[in-house]
Each structure stands twice: as structure tokens, then as C-alpha cells.
Amino acid sequence: MRGSSILGGLTHRGAVALVALFAAATAFAGLLSMPPLDRDEARFAQATAQMLESGDYITIRFQDSERNKKPAGIYWLQAASVSALSDVKAREIWAYRIPSMIGVVFAAVFTFLAGVRLYDIRTGLLAGMLLASAPVVAAEGTIAKTDGVLLALVCLAQLAFVEVYARVQAGEKTGWRWPMALWAAQGAGVLVKGPIAPMISLLTGLGLATGTPRFKWFAALRPLVGVIILMLMVAPWAFAIWKATEGRFFSDAIGGDMLGKVGDAQEGHVGPPGYHFVLLWLLFWPAAALIIAGIVTIWKERADWRARFLLSWLVPAWIVFEIAATKLPHYVMPLYPALAIMAAHGAAAIHRPGWAHKLGALIYAAVGVAAAALIALPPIYFSEAPLAAVCFASAAITGIAAMLIAYLFWIGRAVDGGIAASLLSALYAWVILTAVLPGLSQFAISPRLSTALELADRHPLHDGLAPVVLAGYSEPSAIFLLGTQTALGDGANAAAQLRKGRASAAIVERREDDAFREALGGVEVRSLAVIDGLNYSNGKDVSLTIYITAP
């Protein structure tokens, strides 16, 4: 690798340890500092909390409603983490995030191992670092939902796939270890997020069927034994959830959630074909300068089985995600490991910079400027605290460093540039997730509600206190922080709950305030606090008053 002396002398074990530590350090950035996020993270965490509270680890619920969207795997992992490290009453969101963080670490290590198997240790190391420091991966590593764990399982399945495929290409015995690892990863993937992991491996196989040997590798994957492993892993829970919900889980999850996302954009998550391609350069910023060169290099080598495997991993599934009606930025994340290996291999292939490398350098610099702006601008508009000089200093340092790294790419020092870009992106994750976003007080509505009740000794999770009632505000983060029994309603309902002593406090949005006061029926109330902010889930201003009965 040209310009890769910084990576010289690393042993295989040393490289694995370096990738794992780097990924853990990056994913840890927002683990403790970020409040529960609306809406998906808080929904997952609340459903997990209810599993722990009720002892029912089969049916998934959000308050009284069944949450028939994803299988139970991620909830089990989160429940195990909370049980081992925290307490359900504490509502410490970091404990629910540990599985995601661990998932991202394993994903980086499996990407490294796949890069080593396909090319060499240095390609694998750079690929692992690029993946771990990608902004979308760093973010998902600190969010308590499925995608960090899914990424690890897809990477394990694809690593096992490439190990088997490589042995078939070399005419070697494939054995049982890697096929069993592949099918175990598929079973776990189904339990975490349904068909996504099997779909990616299936589409990879369809792509490989265009090459030679056409289907010999399929027998080497031990498909009959694989089906048995899948059944043993998935069938017990599938039967239990079918019985517990009288079949509603599968009709809702498959007919409503999965197939619904293909034909119609759900919850406003819409985007045209090309949506994921446009976002790629932002969400995979450290690799932005190397993606074009990597794809060009792999395409030139497409007769090589290694290039064919990476293209089969990337292209068919990418097309599926682009044509699906529902789109979210993280949907294509399981394809990023293939891109990371391509980018790292492309960096190694540079002898002198060409148009692809110079274009990549310009893209990287442009994204770097935008990244710097995201450090400096949000605190101006969405924070009530004085502007911290550290934000502006961090923005300036990020912008200058991005320009210097872009210069490395421009002159052809692609490997050194890739390492520097990974380090800068990891530092960027720390700045954004520990300094910038947690400081945007206008967004932190639910945490401020919880804190205000705590300071007044009225928090509903304290022993002996009745739950609170919310009127005009129903974000999942509030349910998670204030407790499962939190009541939702309008102003009149909130007044009735408070008047009858069924609620220790009423939290009323200003649009419901008149109805609340009219329904009090002469009961005297006083205000504990007023929480003003911006609900980032819907873009609406919010003003919440916490009322309690007057003594």
C-alpha cells in the first residue's frame, strides 16, 4: 500500500485489537451524553422496559398497544443489558444502548476480517476504520434500536460467505465451521430485524450466480443443515408470538410493516430513487474521497472473484433499497462494509492520482465544510445556553483538518488520507454527540420535563406516587422517562385525572390549556414549571406547563 507505513508491522491480532478499540471509542461517543431520542429509540427502550416490568418476554408492547413490527431479539439483548448494568426504574438510556455499541464493534472487526480474507491485513484495517468512523455507523452505535446489531450480524454472515466462497475458488475443503457461522448469523438476524440479513446474502448469491463456478459454492454452504438451524433458532419464538397475539404479529409485521415499506412511504419517510446515493457522501464521510476510486478499481477487476463478491454484496441490495418507497438514511448501512473494503482496496491501487481521486478529494473537502458548519450553527439557533467557544474552535479545526486531509487525497497519499479521515470522523462524532447535540436545550423537551418533576420530588417513578398525565404531547421519550403508566389525553381528560387524584401532575401543552382549566371544576392548581422547546419529530414549537393541585 502506497503511503501506508503508519500501518506497517502490525500483527493480525494487533490489527484486530486496534480496530475493536477504535470502533469502541467511536461508538462510545454519545452513549452517556445523548438523551433518549424520539421516536424509534424511545419506542424500543420503552418496550424493553415493559418486558422487564411485566416479565413477558414474548409479546412486545408500547404501553397498552402491541408493537408488532420487529421480532424480539433486540429487546432481549437490551433487557439483558439493563438487568446486568442498571435497573428498569432508573430509566438510564445508556444501558439500553450497549447492544448497539457492541454490534458496531463486532461489525468493524468482521469487516476487517473480510478485508483480510479478500486482500490483505492493511486493506482490512483501513476498511474497518472507515466503517467504524462513518457518521451513520457512529450514530447507530449509540442508539438503542436494531441497526447496530443487525450490521454486526450481516457482516458475520457475509464474512462466513466469503470464507466459503474463497475456499471453493481455491478448490479447498470448506468444512462446517463457516457455513454454521453463516446460518447462525442469519437466524440471529431474523430474530433482530426479520428478513434483512437473509435478503442481503440471498441477493449476494444471485449476483455470484453470474460467475463461475456458478452454483458449486451453494452446496458448500450446507443449505439443508442451514434451514434446520434457522428453524431451531426462529420457530420457538415464532410459535410463541403467534399464539400470544393470535397471529396478529405476523399480519402486522409482514403485511403492515415490511411489505408496506416497499409499496408506500410509511410515516412520511419518502425519497426518490437515488436518495441513498446522495446521502452516501455525508453518511460515509471518511470514505467519501475513496468511494469513486474504489468502485472504478473493483469494476476494472470484475473478472476477479473477489471483486465479483463485493459487487454482488453491494449492487443488487442497493437497487432494492433505492426502489423501495420507504427510505431512511440508515437502511443501506449493511452494504457499507462492502463499500469500505472497495474504498480501502482502491486506496492501495493508487500509483498516481487520477480523475477519480481528485474528484473524491473535492467531495471530501466539501462534506468537511458542511460538517464543520453542523458544529457551529445549531447551538446558535437551538440552545438557550451561552455559545461555547469550544464549538466554534471545533468547527474551525474540523474545517482546516478536512482541507489538509483532502490535500493528501489530491496528491495520491490515499491510505494516509484514509487513516487521517477515519481519525477526524471519530473525533467529529465525539464533538457532535457529546458537546453539540446534548447542548441543544430547545430539543430536550422530555428530559427537561423529567428533571423538573425530579427537582419538585414529583417524579412518577418514585415509590408511592401516581403517574402523570400528558395533554397535547405524546412523544415516546416522555413515556420512557416518566413511566409506563403515563396517561395520554386532551386537556379535559388531564383535568379529570388530576381532579380525581389519579395523576400526581398534569403536563399540558398550551393548545390544550384552555380546555384543561375549564374542566378543573373549581380545583385549585399551581404551576411547577413551563418547558418551551421545539419538537424535532414534527418540527412544531411546544410549550408545556406542569400543573399540580394546590395545597
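All values derive from a computational prediction rather than experimental measurement. (Residues numbered from 1 in each chain as written. Predicted model: local features only at pLDDT ≥ 70, side-chain atom pairs only at ≥ 80, totals over all residues. Heavy atoms only, no water.)

A. Representation of the sheet that holds strand E6 (residues 525-535) in the model. Read from one edge of the open sheet, 5 strands run E4-E3-E5-E7-E6, paired in mixed fashion. At either end of the open sheet lies a strand with only one pairing partner, and these are strand E4 (487-489) and E6. Across the sheet, the mean angle separating the axes of adjacent strands is 20° when strand polarity is ignored. Pairing between strand E3 (residues 468-471) and strand E5 (residues 505-509): 4 bridges, direction parallel. Considered in E5, the bridge of Val469 is made with Ala506. Docked against the sheet, helix H21 (residues 445-455) engages E3, E5, E6 and strand E7 (540-549), running at close to 160° with respect to E6. (Pairing = 2+ DSSP bridges. Helix = DSSP H or I, 4+ residues; strand = E, 2+ residues; numbered from the N terminus. Axes fitted to C-alpha atoms, helices over the stretch in contact; angles between N-to-C directions. Contact = heavy atoms within 4.5 Å.)

B. Summary view of the environment of Ala209. Secondary-structure assignment places Ala209 in the loop between helix H9 (196-208) and helix H10 (216-220). Separated by 103 residues in the primary sequence, Ala209 and Ser312 place their C-alpha atoms 9.3 Å from one another.

C. Broad picture of the confidence of the model for the protein. When the pLDDT values of the protein are averaged, the result is 93; 95% of them are 70 or greater. Long-range and interchain partners of residues 1-5, a stretch whose pLDDT sits below 50, account for 17 contacts in this model, where long-range means more than four residues apart. (pLDDT = per-residue confidence, 0-100.)

D. Looking closely at helix H2 (residues 40-54). For H2, with 15 residues, the first-to-last C-alpha span of 21 Å sits near the 21 Å given by 1.5 Å per residue. For H2, the buried fraction is high: 12 of the 15 residues fall into the buried class. Buried residues of H2: Glu41, Ala42, Arg43, Phe44, Ala45, Gln46, Ala47, Thr48, Ala49, Gln50, Met51 and Leu52, and no others. Where H2 is buried, its residues touch strand E1 (61-62), helix H3 (73-85), helix H4 (93-118) and helix H22 (476-482). One or two residues past the end of H2 sits Gly55, with phi positive at roughly 80°. (Expected span 1.5 Å × (residues − 1). Buried < 20%, exposed > 50% of the residue type's maximum accessible area, 1.4 Å probe, protein only.)

E. Highlighting unusual backbone geometry. In this model, Asp38 is joined to Arg39 through a cis peptide bond whose omega is -5°. Looking at the element boundaries, Arg39 is found in the loop between helix H1 (12-27) and H2. Phi angles above zero are rare outside glycine, and Arg222 is one such case at about 55°. Mapped onto the fold, Arg222 is located in the loop between H10 and helix H11 (223-245). Relative accessible area serves as the criterion here: at 24%, Arg222 is assigned to the partly exposed category.

F. Layout of the packing of aromatic side chains. Throughout the structure, instances matching the rule amount to 23 aromatic pairs. Seen from their ring centres, Tyr165 and Trp217 are 6.4 Å apart, and the 65° between their planes marks the pair as edge-to-face. Of the two residues, Tyr165 is situated in helix H7 (residues 147-170) and Trp217 in helix H10; the sequence distance between them amounts to 52 residues. Look at Tyr165 and you get buried, because its relative accessible area is 0%. On the accessibility criterion, Trp217 (5% relative accessible area) is buried. What links up through ring pairs into an aromatic cluster is the set Phe161, Tyr165, Trp217, Phe218, Trp305, Phe309 and Trp313. A cation over an aromatic ring shows up here: Arg67 above the ring of Phe44, its NZ or CZ 4.8 Å from the ring centre. Here Arg222 stacks its cationic end above the ring of Trp176, 4.2 Å away from the centre of that ring. (Phe/Tyr/Trp six-rings, centres within 6.5 Å; stacked < 30°, edge-to-face > 60°. Lys NZ or Arg CZ within 6 Å of the ring centre and 35° of its normal.)

G. Looking closely at the side chain of Lys327. In this fold, Lys327 is placed in the loop between helix H15 (305-323) and helix H16 (336-348). Buried charge Lys327 goes without a salt bridge, the closest partner of opposite sign being Glu322 at 5.1 Å. Separated by 2.6 Å, the side chain of Lys327 and the backbone oxygen of Ala324 make a polar contact. (Lys, Arg positive; Asp, Glu negative; His and termini not counted. Salt bridge = Lys/Arg side-chain N within 4 Å of Asp/Glu carboxyl O. Polar contact = N/O pair within 3.5 Å; in protein donor to acceptor, adjacent residues only side chain to side chain.)

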